Amino acid sequence: MFSSVRFLLSASIAVTLVPVLAAPALSAPAGTAASTSAAAAGQPATHCVLAAGRVAPRCYGTFPEAIAAATAGRVRTAPADPRTAVADAGFAAALEDGAAILASVVTGIEYANISYGGSTLTLTAPGRCDDSLDADWSYPSLPSGWNDRISSFRSYNNCAQQLFRSTSLTGGALTGILVSTANVGATANDQASSITAN
């Protein structure tokens with residue numbers, strides 16, 4: 001009766017499209033390319049996730065959604081207010097539980113405001129940081145909307161972070177290698193364009 005068209009969206013997602021006479025409009029699921037584009041068009045999506053070595057983040061409407069995505073659904077109990085996550089020992093333990101054997105771990109959470117407030121950018125990598133201070137993972141170019149925006153951050157999974165003024169970890173270090181700071185300081189505030197996780 002109707003012909004269908006099958007599209008492979010990624011290695012694990014296939015979609016079969018079947019024509020219908022009058023289909024209701026659907027919004028894109030959070031974290032998809034369509035919802036990320038919608039966020040760029042002015043719709044609120046204030047909590048993003050960026051994998052090491054990538055330039056395009058996935059963005060979500062809430063902090064718990066972003067954390068669930070960053071941990072592949074393993075952590076579904078993130079506080080609704082990202083500011084409370086910093087002092088929540090249970091949240092930190094959940095992020096670090098079994099992280100050494102996972103394919104993706106949270107290395108840090110960047111905050112748009114001082115004192116861990118505002119929008120968040122959750123950084124992920126294929127594994128934990130080691131015990132040395134050399135760079136284990138890098139984020140050489142912060143995504144649109146996050147360049148020159150970081151005011152505070154907190155690291156996880158044995159990582160510490162260093163912020164750099166320009167892309168590709170150039171332009172000079174804005175901070176020392178820190179695990180956490182509620183205020184990156186006047187010189188670094190809203191100036192970072194790249195990050196290392198050490």
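The present account deals with the structure reproduced in this document. (Residues numbered from 1 in each chain as written. Predicted model: local features only at pLDDT ≥ 70, side-chain atom pairs only at ≥ 80, totals over all residues. Heavy atoms only, no water.)

Remember that side chains alternate between the two faces of the sheet whenever the strand is regular. Pairing of strand S9 (residues 161-166) with strand S12 (residues 194-197), which is carried by four bridges, proceeds in the antiparallel orientation. If you follow Gln162 over to S12, its bridge partner there is Thr196. Two elements, S9 and strand S10 (residues 170-173), share two bridges in a ladder whose sense is antiparallel. Bridged to Ser166 within S10 is Thr170. If you look at the hairpin formed by S9 and S10, you'll find three residues sitting between the two strands, and Ser168 has a positive phi there, around 60 degrees. (Pairing = 2+ DSSP bridges. Helix = DSSP H or I, 4+ residues; strand = E, 2+ residues; numbered from the N terminus.)

This brings us to the nonpolar core. In terms of nonpolar packing, the biggest core is built from 21 residues, with Leu121, Tyr139, Trp146, Ile150, Leu163 and Ile195 touching the most fellow members. Where this core is concerned, the elements lending two or more residues are strand S3 (47-51), strand S6 (117-125) and S12. Ala85, Leu95, Ile109 and Tyr116 belong to the second-largest nonpolar core, a separate cluster that totals 18 residues. (Core = buried A, V, L, I, M, F, W, Y, C linked by side-chain atoms within 4.5 Å. Buried < 20%, exposed > 50% of the residue type's maximum accessible area, 1.4 Å probe, protein only.)

According to the stated counting rule, one finds three aromatic pairs in the structure shown. With centroids separated by 5.4 Å and ring planes inclined at 80 degrees, the aromatic side chains of Tyr111 and Tyr116 adopt a geometry described as edge-to-face. By the burial criterion, Tyr111 is buried, and Tyr116 matches it. Among the aromatic side chains, those forming a connected cluster through ring pairs are Phe63, Phe91 and Tyr156. Above the face of the Trp146 ring, Arg149 is positioned so that its terminal group lies 4.7 Å from the ring centre. Note that Arg154 overlies the ring of Tyr156, its terminal NZ or CZ placed 4.2 Å from the centroid. (Phe/Tyr/Trp six-rings, centres within 6.5 Å; stacked < 30°, edge-to-face > 60°. Lys NZ or Arg CZ within 6 Å of the ring centre and 35° of its normal.)

With respect to topology, four strands assemble into an open sheet ordered S7-S12-S9-S10, the strand pairing being antiparallel. Edge positions in the open sheet fall to strand S7 (137-139) and S10, since each of these has one partner strand only. On average, adjacent strands in this sheet sit at an angle of 25 degrees to one another, irrespective of strand direction. (Axes fitted to C-alpha atoms, helices over the stretch in contact; angles between N-to-C directions.)

Strands sit in the order S4-S3-S6-S5-S8-S11 across an open sheet of six strands; the sheet is mixed. Pairing within the sheet leaves two strands with one partner each, and these edge strands are strand S4 (58-60) and strand S11 (180-181). Examined bridge by bridge, strand S5 (residues 105-113) and strand S8 (residues 152-155) share four bridges and lie antiparallel to one another. When the sheet's bridge partners are listed, Tyr111 is paired in S8 with Ser152.

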